[in-house]
Amino acid sequence: MFIEPGIAGDNRGWIEVICGSMFSGKTEELIRRLRRVQIANRKVELFKPEVDVRYDAANIVSHNSSTMQGIPVNNSQNILLLAQEADVIGIDEAQFFDSEIVNVCQTLANKGIRVIVAGLDMDFMGRPFGPMPQLMAIADYVTKLHAICVQCGHIASLSFRKTTENSQFVLGESDKYEPRCRKCYMEGMREQEELAKLSSKNSF
Ligand code: ZN
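Now for a look at the structure at hand. What you see is a predicted model; the values in this text were computed from it and never measured.

Quick word on the nonpolar core
Line of reasoning, step 1. The biggest cluster of nonpolar side chains holds 24 residues, and the ones touching the most others in it are Ile79, Ile89, Ile91, Val115 and Leu135.
Line of reasoning, step 2. Mapped by element, the contributors of at least two residues to this core are strand S1 (14–20), strand S6 (88–91), helix H3 (101–110), strand S7 (114–120) and helix H4 (132–138).
Line of reasoning, step 3. Residue contributions to this core peak at six residues, all from H3.
Line of reasoning, step 4. By size, the runner-up hydrophobic cluster in this structure holds 13 residues, among which are Ala8, Leu30, Val44 and Val88.

What follows is the structure, encoded as structure tokens:
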């Protein structure tokens with residue numbers, strides 16, 4: 001388990017990144033760390049991209065329903081404007097933010113603020129997702145969480161999309177995604193390819 005080097009920035013800022021696949025417990029871990037800050041009576045602000053409207057516009061809700069009040073922002077720069085008084089800043093679903101989020105996190109940390117960022121490291125194709133690689137590079141601490149492969153029970157690091165939608169941004173939960181290990185992920189991708197070939201043949 002991650003033991004924080006300090007509870008709040010105290011003019012010594014730093015950046016923590018919590019990454020992993022879907023259903024790996026990233027938001028739970030983010031909320032766990034932020035709750036400890038609140039217990040210490042330090043001021044916390046939590047942000048998320050406006051695009052993530054899966055459950056609730058203002059609350060950040062993890063899959064197991066632990067919640068914390070969060071502010072939806074449509075632009076990473078707004079975090080700088082809204083984060084004025086905070087000792088610790090949390091940012092959820094960071095993969096959906098613009099690339100400027102990297103500078104925003106640096107600016108906050110350099111001002112002495114502790115910044116905790118959670119996000120998907122890879123998209124459904126296994127590609128690095130949005131600004132996450134840059135955020136992981138500049139972070140002082142990186143925690144990579146793993147889910148359990150629903151096919152075989154091994155450790156899962158990939159988010160397999162069960163539908164055939166091709167866009168990188170398809171919001172969904174267990175209706176559309178499942179965590180898989182590399183082996184089961186590759187098997188699933190091959191199956192989808194075969195099905196796509198069959199259906200294109202049948203359409204002629
Ligand atoms: Zn598996």
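A few points about unusual backbone geometry
Line of reasoning, step 1. The phi dihedral of aspartate 10 falls on the positive side, at around 50°, and the residue is not glycine.
Line of reasoning, step 2. Along the chain, aspartate 10 falls in the segment before S1.
Line of reasoning, step 3. The phi torsion at phenylalanine 23 lies on the positive side, around 65°, for a residue other than glycine.
Line of reasoning, step 4. Residue phenylalanine 23 is classed as partly exposed on the basis of its relative accessible area of 26%.

Things to note about the pattern of salt bridges
Line of reasoning, step 1. For the structure shown, the criterion picks out 13 salt bridges.
Line of reasoning, step 2. Here glutamate 187 makes a salt bridge to lysine 183, at a shortest N to O gap of 3.5 Å. One end of the pair, glutamate 187, and the other, lysine 183, are both in helix H5 (residues 182–202), four residues apart, so they sit about a helical turn from each other.
Line of reasoning, step 3. Judged by relative accessible area, which is 57%, lysine 183 ranks as exposed.

Section: the coordination of the zinc ion
Line of reasoning, step 1. The protein atoms that coordinate the zinc ion are Cys149 (SG), Cys152 (SG), Cys181 (SG) and Cys184 (SG), at distances of 2.3 to 2.4 Å.
Line of reasoning, step 2. Because the angles between the four donor atoms bound to the zinc ion fall within 101 to 120°, the donor set is best described as tetrahedral.
Line of reasoning, step 3. The motif formed by the donor residues of the zinc ion, counted along the single chain, is C-x2-C-x28-C-x2-C. One end of the pair, cysteine 149, is in the loop between strand S9 (147–148) and strand S10 (155–156); the other, cysteine 181, is in the loop between strand S12 (177–180) and H5, with 32 residues separating them in the sequence. Judged on exposure class, the residue cysteine 149 and its partner cysteine 181 are both buried.

Considering the packing of aromatic side chains
Line of reasoning, step 1. Per the counting criterion, the structure on display carries five aromatic pairs.
Line of reasoning, step 2. When the ring of phenylalanine 2 is compared with that of tyrosine 141, the centres are 5.7 Å apart and the planes differ by 70°; the resulting orientation is edge-to-face. Separated by 139 residues along the polypeptide, phenylalanine 2 in the segment before S1 and tyrosine 141 in strand S8 (residues 141–145) bring together distant segments of the chain.
Line of reasoning, step 3. Plain terms: the ring middles of phenylalanine 160 and tyrosine 185 are 6.1 Å apart, the flat faces sit at 90° to each other, and that makes the pair edge-to-face. Here tyrosine 185 lies in helix H5 and phenylalanine 160 lies in strand S11 (residues 158–161), a separation of 25 residues in the sequence. Of the two residues, phenylalanine 160 and tyrosine 185, neither departs from the other in class, the shared state being buried.
Line of reasoning, step 4. Among the aromatic residues, those joined into a cluster by ring pairs are Phe96, Phe129 and Phe169.
Line of reasoning, step 5. Positioned above the aromatic ring of phenylalanine 2 is the side chain of arginine 33, whose terminal nitrogen or guanidinium carbon lies 3.9 Å from the ring centre.

Calculation criteria
- Residues numbered from 1 in each chain as written.
- Predicted model: local features only at pLDDT ≥ 70, side-chain atom pairs only at ≥ 80, totals over all residues.
- Heavy atoms only, no water.
- Core = buried A, V, L, I, M, F, W, Y, C linked by side-chain atoms within 4.5 Å.
- Buried < 20%, exposed > 50% of the residue type's maximum accessible area, 1.4 Å probe, protein only.
- Helix = DSSP H or I, 4+ residues; strand = E, 2+ residues; numbered from the N terminus.
- Salt bridge = Lys/Arg side-chain N within 4 Å of Asp/Glu carboxyl O.
- Donors = N, O, S within 2.8 Å, 3.2 Å for Na, K, Ca; no water.
- Tetrahedral: all angles 85-135°; square planar, octahedral: opposite > 155°, others 65-115°.
- Phe/Tyr/Trp six-rings, centres within 6.5 Å; stacked < 30°, edge-to-face > 60°.
- Lys NZ or Arg CZ within 6 Å of the ring centre and 35° of its normal.

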